[in-house]
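# Descriptive analysis of the structure
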Amino acid sequence: MSKEDIITLPNPHLRQKSQRVGVITDEIKQIIANMEAATISWDQSRDHEVGVALAATQIDKLYKIVVIRNNFDNKDDHSFTVFINPQIVKHEGQVEADYEGCLSVPNVYGKVPRHTKVKVKALGEDGKEFRVTAEGFLARIFQHEIDHTNGVVFIDNIKGQPEAFFRLDDKGKLEPLDYEKDVRNNSLLW
Ligand SMILES: [Zn+2]
């Protein structure tokens, strides 16, 4: 499993809702291992970006599973936390717009409004329910990934707002992109 297994827009599967996981079978465990391997493979292919998280839909498995890196600052730390059937139980804090990217939307970034704090409940790989409170960047990641499990891609949240779209140049700097050419004509929007 590698970065080539990550599906990208305009693949319509990214706009489909994932199903909840019932029993955590060997198949589910294999999907989780594949998600982690694909994220690390993608990460190693990018100089200026870190692969911080992935939803199962991004490797074309329509299950509500999200994996999030435990350490965003160290590319050598390949450990993850697994969230099965993740659900936001409470949105808190303010709504702030900040930059967001996605492994399934190559080179496109957006300034997406998100809550600064969320409470999430999920099952671990052992099937036990746990809850976390996330703030700041981690809160943003949860909202982005749980959107994926519901068939929503981050750019859907800024549809019709050309000024919220950016692209990464080869030096790793964000610059405004050509909305008509890069977004609409590439059929990135639903
Ligand atoms: Zn994403």
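Definitions and limits used
- Residues numbered from 1 in each chain as written.
- Predicted model: local features only at pLDDT ≥ 70, side-chain atom pairs only at ≥ 80, totals over all residues.
- Helix = DSSP H or I, 4+ residues; strand = E, 2+ residues; numbered from the N terminus.
- Rg over C-alpha atoms; globule rule 2.2 N^0.38 Å.
- Buried ≥ 20, exposed ≤ 12 C-beta atoms within 10 Å, placed from the backbone.
- Contact = placed C-beta atoms within 7 Å.
- Expected span 1.5 Å × (residues − 1).
- Arc of directions from axis to C-beta.
- Core = buried A, V, L, I, M, F, W, Y, C linked by C-beta atoms within 7 Å.
- Pairing = 2+ DSSP bridges.

Across its full length, the chain carries three helices and seven strands. The N-to-C order of helical and strand elements in the chain reads α-β-β-β-β-β-α-β-β-α. Taking 2.2 N^0.38 as the reference for a compact globule, 190 residues should give roughly 16 Å; the C-alpha atoms of the chain span a radius of gyration of 16 Å, in line with that estimate. Dimensions of the chain along its principal axes, counting C-alpha atoms only, are 45 × 35 × 30 Å. Scored against the burial criterion, the 190 residues of the chain give a buried share of 32%. Long-range contacts, defined here as pairs at least 24 residues apart, represent 63% of the contacts in the chain between residues at least 6 apart.

The next thing to look at is unusual backbone geometry. The omega angle of the peptide bond from Leu9 to Pro10 is 5°, so this bond is cis rather than trans. Within the fold, Pro10 resides in the segment before α1 (26-44). The backbone phi angle of Asp60 is positive, close to 65°, even though this residue is not glycine. Among the structural elements, Asp60 can be located in the loop between β1 (53-55) and β2 (65-69). The exposure class assigned to Asp60 is partly exposed, which follows from the 13 C-beta atoms found within 10 Å. One non-glycine residue, Asn107, adopts positive backbone phi at about 70°.

The terminal C-alpha atoms of α1, which comprises 19 residues, lie 27 Å apart, in line with the 27 Å expected from a rise of 1.5 Å per residue. Buried within α1 we find Ile32, Met35, Ala38, Thr39 and Trp42. When α1 is viewed along its axis, its buried side chains cluster within an angular range of 130° and face the same direction. Among the exposed residues of α1, those oriented more than 90 degrees off its buried face are Asp26, Lys29 and Gln30. Taken together, the buried residues of α1 touch β1, β2 and β3 (80-101).

Residues Met35, Ile65, Val66, Val67 and Ile68 are the most contacted members of the largest nonpolar core, which totals 38 residues. At the level of secondary structure, the elements contributing two or more residues to this core comprise α1, β1, β2, β3, β4 (108-123) and α2 (136-149). Element by element, the count of residues in this core is highest for β4, at six residues. If we skip the residues at most four places from it in the chain, Val67 touches Ile32, Met35, Glu36, Thr39, Ala53, Leu54, Phe80 and Val82.

Every α-helix carries 3.6 residues per turn, so stepping three or four residues along brings you back to the same face. Compared with the 20 Å implied by 1.5 Å per residue over 14 residues, the 21 Å span of α2 between its first and last C-alpha is a close match. For α2, the tally of buried residues reaches 10 of 14 residues, placing the bulk of the element in the interior. Those residues of α2 that fall on the buried side of the exposure criterion are Ala139, Arg140, Ile141, Phe142, Gln143, His144, Glu145, Ile146, His148 and Thr149. Positive backbone phi, at 80°, marks Gly151, one or two positions downstream of α2.

This part is about the pairing of β4. Both β3 and β4 contribute to a ladder of 13 bridges, which runs antiparallel. Of the residues in β4, the one forming a bridge with Glu96 is Arg114. Counted between consecutive antiparallel strands, the loop separating β3 from β4 contains six residues, among which Asn107 sits at a positive phi close to 70°. Where β4 and strand β5 (residues 129-135) come together, seven bridges link them in antiparallel fashion. Within β5, the residue paired with Lys121 across the bridge is Arg131. Adjacent in sequence and paired antiparallel, β4 and β5 are bridged by five residues, among which Gly127 carries a positive phi angle near 85°.

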